[in-house]
Amino acid sequence: MTTPVEQIKKFVRAANYLVVTQIHLQNNYLLERKLEFSDIKPRLIGHWGTCPGINFVWANLNYIIKKTQANIMFILGPGHGFAAIQANLFIDGTLSKYYPLALPTPDGIGYISKNFSWPYGFQSHCNPTTPGVILEGGELGYSLATAYGTVLDNPDLITVCLVGDGEAETGPLATAWHLNKYVNPATSGVVLPILHLNGYKISGPTVFGRMTVGELNSLFYGYGYHPYLVEGEDEVIYDKMLDALDMCYQEIRTIKLRAEKKGEMVTPRYPMIILRTKKGWTGIKELHGQKIEDNCLSHQVVVPHAKTDQVELEALNDWLDLYHFGELFDKEKGFCEDIKNLVPPENLRIGENKNAYGSKVRQNLSLPDIKSCAEEVPVAGGYGSSSMRRIGQYLTSVFELNKEQRNFRLFSPDETYSNKLDEVFKTTSRPFVWPIMEWDKDLSSEGRVMEMLSEHSLIGMMQGYILSGRHGIFASYEAFVQIVGSMIDQYAKFLKISTQTPWRGQVSSFNIILTSSGWRQEHNGFSHQNPGVIGDLLEKQGDLVNVYFPPDGNTTLVCLRHSLEATNRINVIVCGKTFEPRYLSAQEAEYLYSHGLMEWKFASDGNPDFVLVGIGDYMVKEILAAIDYIKSKAPNIKLRCVDVLQVRALVPNSPFNASMENFDELLTSDKPVIFNFHGNPETLKPYLLEHKDPGRFSVHGYIENGSITTPFDMQVRNKTSRYHLAMEIFELSQKCNILDEGRARQLIAECNKKLDEHRAYIIQYGVDPPEIEEWQWVRPGK
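Computed from a prediction, not measured in an experiment: that's the story for all the values here. Residue indices begin from 1 for each chain and proceed along its sequence in written order. Totals for whole chains, interfaces and linings use all residues, but because this is a predicted model, local features are given only for residues with pLDDT of at least 70 and pairs of side-chain atoms are given and counted only at 80 or more. To get the side-chain values, all heavy atoms of the structure are used, and hydrogens and water are removed first.

Chemist: Where do I start with the environment of arginine 13 in this structure?
Modeler: In DSSP terms, a helix is any run of H or I states spanning at least four residues, a strand is any run of E spanning at least two, and both are numbered starting from the N terminus. Mapped onto the elements of the fold, arginine 13 is located in helix α1 (residues 4–24). Taking C-alpha positions, arginine 13 is 8.9 Å from proline 52, a pair spaced 39 residues apart along the chain. Any two residues whose heavy atoms approach within 4.5 Å are treated as being in contact. Those residues in contact with arginine 13, other than ones at most four positions away along the chain, are Tyr323, His324, Glu327 and Leu328.

Chemist: Any chance you could explain the packing of α1 against helix α3 (residues 82–91) here in plain terms?
Modeler: Comment: axis = line fitted to C-alpha atoms, over the contacting stretch for helices; angle = value between 0 and 180 degrees taken between N-to-C directions. At their nearest, the axes of α1 and α3 sit 9 Å apart, and the two run at 125° to each other. Relative to α3, α1 is oriented oblique. With respect to the hand of their crossing, α1 and α3 are arranged in right-handed fashion. In this structure, α1 uses Phe11, Ala14, Ala15, Leu18, Val19 and Gln22 to contact α3, whose residues at the interface are Ala83, Ala84, Gln86, Ala87, Asn88, Phe90 and Ile91. A class-by-class count of the residues in the contact of α1 with α3 yields 10 nonpolar, three polar and no charged. The labels follow the angle: roughly parallel below 35 degrees, roughly antiparallel above 145, roughly perpendicular from 65 to 115, and oblique for the rest. For any pair of crossing helices, the crossing counts as left-handed if the nearer helix is rotated counterclockwise from the farther one by less than a right angle, and right-handed if it is rotated clockwise. Residues are grouped as follows: nonpolar covers Ala, Val, Leu, Ile, Met, Phe, Trp, Tyr, Cys and Pro; charged covers Asp, Glu, Lys and Arg; every other residue, Gly included, is treated as polar.

Chemist: Mind showing me how you'd approach the layout of surface pockets here?
Modeler: If you roll a probe as big as a water molecule over the atoms, it shows you where there is empty space left. In this analysis, the protein atoms alone were mapped onto a 1 Å grid. Cavities are point sets where a 1.4 Å probe fits without being able to get out; pockets are open sets with protein on both sides within 12 Å along at least five of seven lines; lining residues have an atom within 4 Å of a point. Grid points are joined across faces, edges and corners, and a volume is the space filled by probe spheres set on the points. Within this model, the largest pocket holds a volume of roughly 490 Å³. Lining the largest pocket are 23 residues, with Glu136, Ala492, Lys493, Lys496 and Ile497 positioned closest to its centre. The leading source of residues in the lining of the largest pocket is helix α15 (residues 485–499), at five residues. A breakdown of the residues in the lining of the largest pocket according to their chemical character gives eight nonpolar, nine polar and six charged.

Chemist: What is the right way to read the sheet that holds strand β11 (residues 408–412) from this model?
Modeler: Strand pairing in a sheet relies on backbone hydrogen bonds, with the paired strands running either antiparallel or parallel. Spatially, the six strands line up as an open sheet ordered β14-β11-β15-β16-β18-β17, and their pairing is parallel. Only two strands of the sheet have a single neighbouring strand rather than two, namely β14 (449–451) and β17 (545–548). Taken pair by pair, the neighbouring strands of this sheet meet at an average axis angle of 20°, ignoring direction. As judged from the three bridges shared by β11 and β14, these two strands associate in the parallel manner. Considered in β14, the bridge of leucine 410 is made with valine 449. DSSP-based pairing: two strands are paired if at least 2 bridges between them are found.

Chemist: Quick question: what am I supposed to make of unusual backbone geometry here?
Modeler: Negative phi characterises most residues that are not glycine, and trans characterises most peptide bonds. The phi angle at threonine 282 is positive, at roughly 75°, despite the residue not being glycine. Mapped onto the elements of the fold, threonine 282 is located in the loop between β5 (270–276) and β6 (286–287). The partly exposed category is assigned to threonine 282, whose relative accessible area is 23%. The phi angle at asparagine 607 is positive, at roughly 45°, despite the residue not being glycine. Note that asparagine 607 resides in the loop between β20 (597–599) and β21 (610–615). Think of it in three bands: with a 1.4 Å probe and only protein chains considered, a residue is buried below 20% of the maximum accessible area for its type, exposed above 50%, and partly exposed in between. Judged by its relative accessible area of 57%, asparagine 607 is exposed.

Chemist: Could you clarify how one ought to interpret the packing of α1 against helix α9 (residues 234–262) in this entry?
Modeler: Close contact between α1 and α9 brings their axes to 10 Å; oriented N to C, the two are set at 110°. With respect to each other, α1 and α9 are oriented roughly perpendicular. In this structure, α1 contributes Pro4, Val5, Ile8, Lys9 and Val12 to the contact, and α9 contributes Asp234, Tyr238, Asp239 and Leu242.

Chemist: Can you walk me through the sheet that holds strand β24 (residues 697–700) in this structure?
Modeler: Strand order in the open sheet made by the five strands is β20-β22-β21-β23-β24, with mixed pairing throughout. Of all strands in the sheet, those with a lone pairing partner are β20 and β24, marking the two edges. Looking at each pair of strands side by side, their axes are set apart by 20° on average, direction ignored. Pairing geometry for strand β23 (residues 673–677) and β24, over four bridges, is parallel. By the bridge assignment for β24, isoleucine 674 is matched with serine 698. Lying over the sheet, helix α19 (residues 617–633) contacts β21, β22 (639–644) and β23, oriented at roughly 175° with respect to β22. Packing against the sheet, helix α23 (residues 722–735) makes contact with β21, β22, β23 and β24, and its axis sits at approximately 170° to β23.

Chemist: When you look at the environment of lysine 371 in this model, what are you seeing that I'm missing?
Modeler: Mapped onto the elements of the fold, lysine 371 is located in the loop between α12 (358–361) and β10 (384–385). Residue classification places lysine 371 among the exposed residues on the basis of a relative accessible area of 66%. Sequence separation of lysine 371 and leucine 401 is 30 residues, and the distance between their C-alpha atoms is 16 Å.

Chemist: Help me understand the side chain of serine 412 in this model?
Modeler: Relative to the helices and strands, serine 412 is located in strand β11. Beyond its immediate sequence surroundings of up to four residues, serine 412 is in contact with Met450, Glu451, Met452, Leu458 and Ala475.

Following this line, the structure appears as structure tokens:
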């Protein structure tokens, strides 16, 4: 009878062979004759070096799954090893379920090989069209955080995360090792990290690859893990890997049982595996006098000139011969029985794990009616409110309503209190399974507010949590979300392809709150004043990304509820946390949400001379203050106030705006329009180019002027203040013959005097003048 090790070795041989054919061949896939130049693809793309280790891990996991019936999900860090993932999915039959031509036949082998890294074929990296994949891994560093997100509230799940030793040098991955301190084994699953040490990156050695066993053990023991080292030659490494996986599985079960019995566990020491194999293991040993296997030269295509170089062609032929694929695969029967017997039942196969298909396990959130948190607005602008306090109150109810489902979490990088969301601690806390001191506040082993001072780790966790079928929201300082801008870009790419892949289905939207904006970071200074991420987000095409600028608390609640209901989107809510006026009732806020922009009639004249447009809570407040000031000085100037919730509502015939006529009706087709925008002016300007006479549009916004100062001085420095807006209106009024030149100059001079007085006041007293701090828009008559 064949031993498990012999079965695994055959599986790995077959997978390695298929990796090589995918990277190199467009014909003669079974090597039925000696390779010729015509058999080689015209362009060779792929990464060989990491693939043998991936195949080795996958085959061993198959054995453990079949033996224990464990619910195991697999996340690959070095996504450039996609050829290995595809080879394994092909062998175990998963791929043919989604790609009917990928059958275990000669034609099926030709199908996956010819189309690998081929235009309109398969990709070179893991991607959403790959069964069982929730992380592309093209941009390295996010695998471990994503893995930890999958196990939250998934008590039966073990997620095996294969971390490349090059990937392990990245900052996000280095921090993610500490996420074991936030996962309660009593109510969540367990991540089994496998650090794959093949020793080399693209062009040199890895840091971890040159560390000694003692150094590695000390490092990861300090991180809270129990490391198992697996290394050695072929005769011993297979047995060692099986033993290590057996011990890890038993250790995980012991931790889980103890934790479930007590309801919690302090300082659980989870197992991990340190796997040391050669880079390019089983491949070409030497070529052109250079060492290939166990060196960086095996990282990508080992024989890049096999299409034209006879030496490289023969080396490739000999390499493929080494696997004796004819012993493993029959043209009529497919793979041999030993390989077939290693494949788990369909429902337990790695590529079919239900948690990798969020739509299969996702349940809708139970959401409270926003009326439970909305505030009355007897007079527009007359009563104060904090948008973030409103969010905190609403999320408290969300936690309460979904207590049994356990499918919602808040992710916040040490800012829950600062961002005024601390009301959520009435119903939950922050998780921590390391020691908790008696003076620690709102910490427990079972909290649902994920707080860690690492935006990378939290975004990665939320990605894993959402793509495995749950719901989440990430709240952070606006200036620092740009730290994870590239992660959000990568997720947007993943989401775009997912929506084009029918079997992916619907997952919860990825919701982000940008708060503590630069306009009210006058106390922290220039480093905290940066709305740049808004521009990055708005560059995304189509309707996958929604960026909302609610003007007040009630509108914020409307945006929040719709975002939590939505699927397959990235929703961003930009709102302040300070006490600001409220303008719209819940019903009016719903109207604004559905239309993207609306006229505020309480601050508008009929048939206006000029239109003032606010985009963002602090910006619309200055618009209203400017209208108030202008009317006090020149009541004959007719003004219209428009609020924009969605910038894309300004684009003609966009999904967020009905028509060009709607735009012209609100912003007119020929009158000057002044925008006061929360972000950088250059971000907004492209959205105005398609309209008639774009030269009539003027855009104010953040122009990189900041410091330790006062809130109003932030507006002054960036020329978004009421006085700057008023000066522009007075100048335009002169050009349009509404004001004579003398009166216009007088009013502009008065504005400049106001600005000089303001500067002198804040230099002397350190705060804004009372007339600024106490200003309110209150016009009961209107």
